[in-house]
Amino acid sequence: MHIKKVAVLGSGIMGSRIACHFANIGVEVLLLDMLPKELTAEEQGKGLTMNDKAVRNRIVNTSLDTAAKSSPSPVFTKQVLQRIRTGNFTDDMPQIATCDWVIEVVVENLDIKKNIYEQVEKYRRPGTLITSNTSGIPIHLLNEGRSDDFKAHFCGTHFFNPPRYLRLLEIIPTPQTKPEVTGFLMRYGDKYLGKTTVLCKDTPAFIANRVGVYSIMALLHLVEKLDLTVEEVDKFTGTALGRPKSATFRTSDVVGLDTMIHVADGLYENCPEDKARELFRLPGFVQKMAENKWLGDKTGQGFYKKIKKADGSSEILALDLKTLEYKPQQKVKSATLDAIKPVENLRERIKIYAKGTDKAGELFRQSFYGLFEYVSDRIPEISDELYRIDDAMRAGFGWELGPFEVWDALGVSETVEYMKQYQHEPAAWVQEMLAAGNTGFYKLENGIRKYYDIPSKTYKSIPGTDAFIILDNIRATKTVWQNDGLSIIDLGDGILNAEFHTKMNTIGAEVLEGIHKAIDLAEKDYRGLVIGNDGANFSAGANVGMVFMMAVEQDFEALNRAIKLFQDTSMRIRYSAIPVVLAPHNLTLGGGCEFCLHADYVQLNAETYMGLVEFGVGVIPGGGGSKEFALRASDEYKEDQIDQNIFKDRFLTIAMAKVSTSGPEALELGYLQKGKYGLTMNRSRLIADAKAKAIELAEAGYTQPVPRSDIRVLGKQGLGIVYSGANSMYAGHYISEHDKKISEKLGWVMCGGDLSQPTLVTEQYLLDLEREAFLSLCGEKKTLERLKAIITGGKPLRN
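Treat the numbers as computed from the prediction; the structure is a model and nothing was measured.

What to know about the overall build of the chain
1) Next: Helix and strand counts for the chain stand at 34 helices and 25 strands.
2) Next: Against the 2.2 N^0.38 benchmark of 28 Å for 799 residues, the chain shows a C-alpha radius of gyration of 28 Å, consistent with a compact globule.
3) Next: Taken along the three principal axes of its C-alpha coordinates, the chain extends 80 × 70 × 65 Å.
4) Next: In the chain, which comprises 799 residues, the proportion classed as buried is 55%.
5) Next: On the chain, roughly 34300 Å² of surface is accessible, and the fraction owed to carbon and sulfur atoms is 50%.
6) Next: Of the charged side chains in the chain, 97 are positive and 104 negative, and the gap between their average positions amounts to 2 Å.

Written out as structure tokens, the structure reads:
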């Protein structure tokens, strides 16, 4: 099957954003919705009628326009919107005959959906995929009365909102769905849409919402029992627990309390045999919030409420769950949170949580022991395999560890005994697993992660993961060298991987040493190197704490050596004897971006946020980034003609600390070069894709590049542009005096100094200017103040 064109029927919040995501990956999209019932006052004023196309497509066009302007953006770049054509059900339904896949995303009403399918049946080609994004209607009810070919190609495809960012795609076949259709959707969602595809049974709320809403509802009932506040719950169930920063109540406000209530009511009604059924009844305070329309962001208040104070500033109040009045947020204190704060490893943090003697510890035990019982009872009801539940919760709810993975981390056998103290009993199959001498739900064998298969009572490899390289699985047996900041891992086939493992993967002396060591080893005994990791971010940039300490102590000799080592590392990446492929994802800032600028090839995840953000710290890029932008501007000049607009664009990208909002946008900003980058939609495939590229480059006869000596810089001609612009911005109070100074320093580097005319220079010449400018700025009081603010705030280098 080949998907060249997709029809999305329904342009609401989900439909419009699903359309945008297909456009992101290069697919042509037909987005349809219903006709409006009447003219608006504006349309009447323009003399339009119900026959005008602008009127007939008003609903769909307004929805798409709203989606395109939303934040975070559903599109990688604005250009992808050109791949979406809009229309309406009445005029344009025949066009679905040109589509390979029709996705229905209309309102959750069985009769309305069936009416849409009647129209689809008239026009779709035999063999065309037809799927529904329903989250609550049983899939088997949707295809009743349809043709055999329709049923054979019909399936549930449940995206999570927002579709671009949440990785879960639940695939729900019916008994009539062809196995090859199910298999295709599982593979396509994984490889092309970048999703964790989870095969689900046609049960109420499928997998993620069944478990996720249970977890939320159980917690809501515990709030009253344990006398917890909104602030305490969100502090205890957020990042410290490996959950999203929005935790529980803030997430509810974003999603909408009515959405959670709708799912909970559906589960109560449709799951009479669920022994946890009573937990799906709403607590009194939730019922009152629903009556008051305190549904969250969509109604202006929920568990939190943003207000304007008398002085014009904003304040976010929290709801008092006892009085249902809003009050200023209170700082949460917890001995358990204090104990886990210095612990980086989530599995170790969880063990501390479970032993906590305060509210945080008690909430953990009561909520998780119930969750463990619940998920064990759901097998085989919602899934035959336990790993699918973990996959769904990680990808759909943003949990770092799924419930069975948390249970494993605590120790299955020990936890079962603790559960009994809280009147929770796991399913019989868990007891049978332990009785047979199996101690966990997962285990590693020869670098392959296996799960406990309940029917066969054996451990099996997780299907589909053979295409992934998961560093956690091979680190113990494949590490060939390591220090405190970096590990060198043998990926096989002659390719090494350099993995950062500092806090936020910042770059300090250990990382720089490790990269040189990795290239040394690769040049001697291997044929290529990948620089990538499985952390939350590729790299937040240089270790600003190290820079701050040397700058405060005015140890400029040591700082000069450190910056020189950084530059040398970037140049070593570019001019090694073996291909070096960078594999960035998420935050790729400052020094992490500079390494990418010097790579032979960048295989990046679609969700990569790349930028040179040093201006925000009060300095210029000092690891080769300033030099590289001067080089790339030079390469864009046509022969002897110097285009000042090219120079301005390159200069402003650094001066404005621009960060890409996606991998493709990094190309538009000049951080990537055509022909020297590749895009991986599914982050789980990133290291494997990067390795494949390194092999390809090696087998193509990779030759060591030669340092450049033909970089055309503008000299005084360019400096005039920079100084004039900086002075104007300063005079207009758009930038500070220090920002003006940074701009002039960057201009000095990118123009090659005050050369009397455009001149050809070497890379080393520019690197020396870059290092000199960086050092001079580190001596500035304002730079030290900015560095200190970032260190004390614990934030990465960002604009």
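Resuming the write-up.
Thoughts on the nonpolar core
1) Next: Ranked by size, the top nonpolar core spans 114 residues in total, and within it Leu9, Phe303, Phe404, Trp429 and Phe441 carry the most contacts.
2) Next: The leading source of residues in this core is helix 10 (residues 208-226), at 11 residues.
3) Next: Contact partners of Trp429, with chain neighbours within four places excluded, come to Ser376, Ile379, Leu386, Phe404, Phe441, Tyr452 and Ile454.
4) Next: By size, the runner-up hydrophobic cluster in this structure holds 77 residues, among which are Leu521, Ala599, Ile654 and Val722.

A word on the sheet that holds strand 10 (residues 314-320)
Strand pairing in a sheet takes place through backbone hydrogen bonds and is either antiparallel or parallel in direction.
1) Next: Strand order in this open sheet of three strands is 9-10-11, and the pairing throughout is antiparallel. The open sheet terminates on both sides in strands that have one partner only, identified here as strand 9 (304-308) and strand 11 (325-328). Neighbour to neighbour, the strand axes of the sheet diverge by 45° on average, direction disregarded.
2) Next: Bridge count for strand 9 against strand 10 is five bridges, and the pairing is antiparallel. Among the inter-strand pairings, Lys308 is bridged to a residue of strand 10, identified as Ser314.

Remarks on the pattern of salt bridges
1) Next: Under the counting rule described, the total for this entry stands at 58 salt bridges.
2) Next: Note that Arg771 is salt-bridged to Asp768, the shortest N-O span being 3.3 Å. Highlighted residues: Arg771 and Asp768, both in helix 33 (residues 763-778), separated by three residues, approximately one helical turn.
3) Next: By sharing partners, the salt bridges in this structure join Arg574, Lys627, Glu628, Arg632 and Glu763 into a single network.

A look at the packing of helix 10 against helix 13 (residues 257-270)
1) Next: Between helix 10 and helix 13, the shortest axis-to-axis distance is 10 Å and the interhelical angle comes to 100°. Taken as axis vectors, helix 10 and helix 13 run roughly perpendicular relative to one another. Contacts between helix 10 and helix 13 involve Asn209, Arg210, Val213, Ile216, Met217 and Leu220 on the former and, on the latter, Met260, Val263, Ala264 and Leu267.
2) Next: Grouping the constituent residues of the contact of helix 10 with helix 13 by class yields eight nonpolar, one polar and one charged.

Remarks on the side chain of Thr157
1) Next: As for its position among the elements, Thr157 is in strand 6 (residues 154-159).
2) Next: Owing to a relative accessible area of 0%, Thr157 belongs among the buried residues under this scheme.

Notes on the environment of Tyr326
1) Next: Relative to the helices and strands, Tyr326 resides in strand 11.
2) Next: When the C-alpha atoms of Tyr326 and Ser383 are compared, they prove to be 42 Å apart, with 57 residues separating the residues in sequence.
3) Next: Apart from residues lying up to four places away in sequence, Tyr326 is in contact with Trp294, Gln301, Gly302, Phe303, Tyr304, Lys305, Leu317, Ala318 and Leu319.
4) Next: At 3.3 Å, the side chain of Tyr326 and the side chain of Gln301 are in polar contact.
5) Next: A polar side-chain atom of Tyr326 sits 2.6 Å from the main-chain carbonyl oxygen of Gly302.

Some points on the sheet that holds strand 3 (residues 84-88)
1) Next: Taken in spatial order, the eight strands line up as 3-2-1-4-5-6-7-8 in an open sheet, and their pairing is mixed. This sheet does not close on itself; its edge strands, each paired only once, are strand 3 and strand 8 (196-199). Direction aside, the axes of adjacent strands within the sheet are offset by 25° on average.
2) Next: Sheet topology note: the strand 1 (residues 5-9)/strand 4 (residues 101-104) ladder contains four bridges and is parallel. Bridge pairing in strand 4 links Val6 to Trp101.

Some details on helix 28 (residues 644-655)
1) Next: Between its first and last C-alpha, helix 28 extends 16 Å over 12 residues, near the 16 Å set by a 1.5 Å rise per residue.
2) Next: Here helix 28 has its buried residues at Ile646, Phe647, Arg650, Phe651, Thr653 and Ile654. Taken end-on, helix 28 shows its buried residues confined to a sector of 155°, consistent with a single buried face.
3) Next: Those residues of helix 28 that are buried lie in contact with helix 27 (625-636), helix 31 (716-731) and helix 32 (737-750).
4) Next: Two residues or fewer past helix 28, Ala657 is found with a positive phi of approximately 50°.

Observations regarding the environment of Gly12
1) Next: By secondary structure assignment, the location of Gly12 is in the loop between strand 1 and helix 1 (13-24).
2) Next: Spatially, the C-alpha atoms of Gly12 and Ser756 are 60 Å apart, while their sequence positions differ by 744 residues.
3) Next: Look past the residues within four positions of Gly12 in its chain and what remains in contact with it is Arg17 and Asp33.

Details of the pairing of strand 2 (residues 28-33)
1) Next: The buried count for strand 2 comes to five of six residues, which makes it a mostly enclosed element.
2) Next: The pairing of strand 1 with strand 2 spans five bridges and is classified as parallel. Looking at the pairing, Val8 lines up with Leu31 of strand 2.
3) Next: As defined by bridge partners, strand 2 adjoins strand 3 across five bridges and the pair is classed as parallel. The residue bridging Leu31 from the neighbouring strand is Thr86, located in strand 3.

Overview of unusual backbone geometry
1) Next: Each neighbour pair has its own omega, and for Asn161 with Pro162 the value is 0°, a cis peptide bond.
2) Next: With respect to the helices, strands and loops of the structure, Pro162 is situated in the loop between strand 6 and strand 7 (168-173).
3) Next: Note that the residue after Ile379, namely Pro380, is joined by a cis bond; omega there is 10°.
4) Next: Backbone geometry at Met504 places phi at a positive 55°, although glycine is not the residue there.
5) Next: Locating Met504 in the fold gives a position in the loop between strand 17 (495-500) and helix 23 (509-525).
6) Next: A residue is classified by how much of its surface remains accessible, and Met504, at 30% relative accessible area, is partly exposed.
7) Next: Positive phi is not limited to glycine here, since Gln554 has a value of about 55°.
8) Next: Locating Gln554 in the fold gives a position in the loop between helix 24 (544-552) and helix 25 (556-574).
9) Next: Here Gln554 falls in the partly exposed class, since its relative accessible area comes to 44%.

Thoughts on the side chain of Glu373
1) Next: With respect to the helices and strands, Glu373 occurs in helix 17 (residues 359-377).
2) Next: What makes Glu373 buried here is its relative accessible area of 12%.

What to know about the environment of Lys225
1) Next: With respect to the helices and strands, Lys225 occurs in helix 10.
2) Next: Judged by its relative accessible area of 59%, Lys225 is exposed.
3) Next: C-alpha separation for the pair Lys225 and Leu363, spaced 138 residues apart in sequence, amounts to 9.9 Å.
4) Next: Within polar-contact distance, the side chain of Lys225 engages the side chain of Gln366 at 3.0 Å.

Cut-offs used in this document
Residues numbered from 1 in each chain as written. Predicted model: local features only at pLDDT ≥ 70, side-chain atom pairs only at ≥ 80, totals over all residues. Heavy atoms only, no water. Helix = DSSP H or I, 4+ residues; strand = E, 2+ residues; numbered from the N terminus. Rg over C-alpha atoms; globule rule 2.2 N^0.38 Å. Buried < 20%, exposed > 50% of the residue type's maximum accessible area, 1.4 Å probe, protein only. Areas by Shrake-Rupley, 256 points an atom, 1.4 Å probe, with all protein chains shown as cover. Lys, Arg positive; Asp, Glu negative; His and termini not counted. Charge placed at Lys NZ, Arg CZ, Asp CG, Glu CD. Core = buried A, V, L, I, M, F, W, Y, C linked by side-chain atoms within 4.5 Å. Contact = heavy atoms within 4.5 Å. Pairing = 2+ DSSP bridges. Axes fitted to C-alpha atoms, helices over the stretch in contact; angles between N-to-C directions. Salt bridge = Lys/Arg side-chain N within 4 Å of Asp/Glu carboxyl O. Parallel < 35°, antiparallel > 145°, perpendicular 65-115°, else oblique. Nonpolar A, V, L, I, M, F, W, Y, C, P; charged D, E, K, R; others polar. Polar contact = N/O pair within 3.5 Å; in protein donor to acceptor, adjacent residues only side chain to side chain. Expected span 1.5 Å × (residues − 1). Arc of directions from axis to C-beta.

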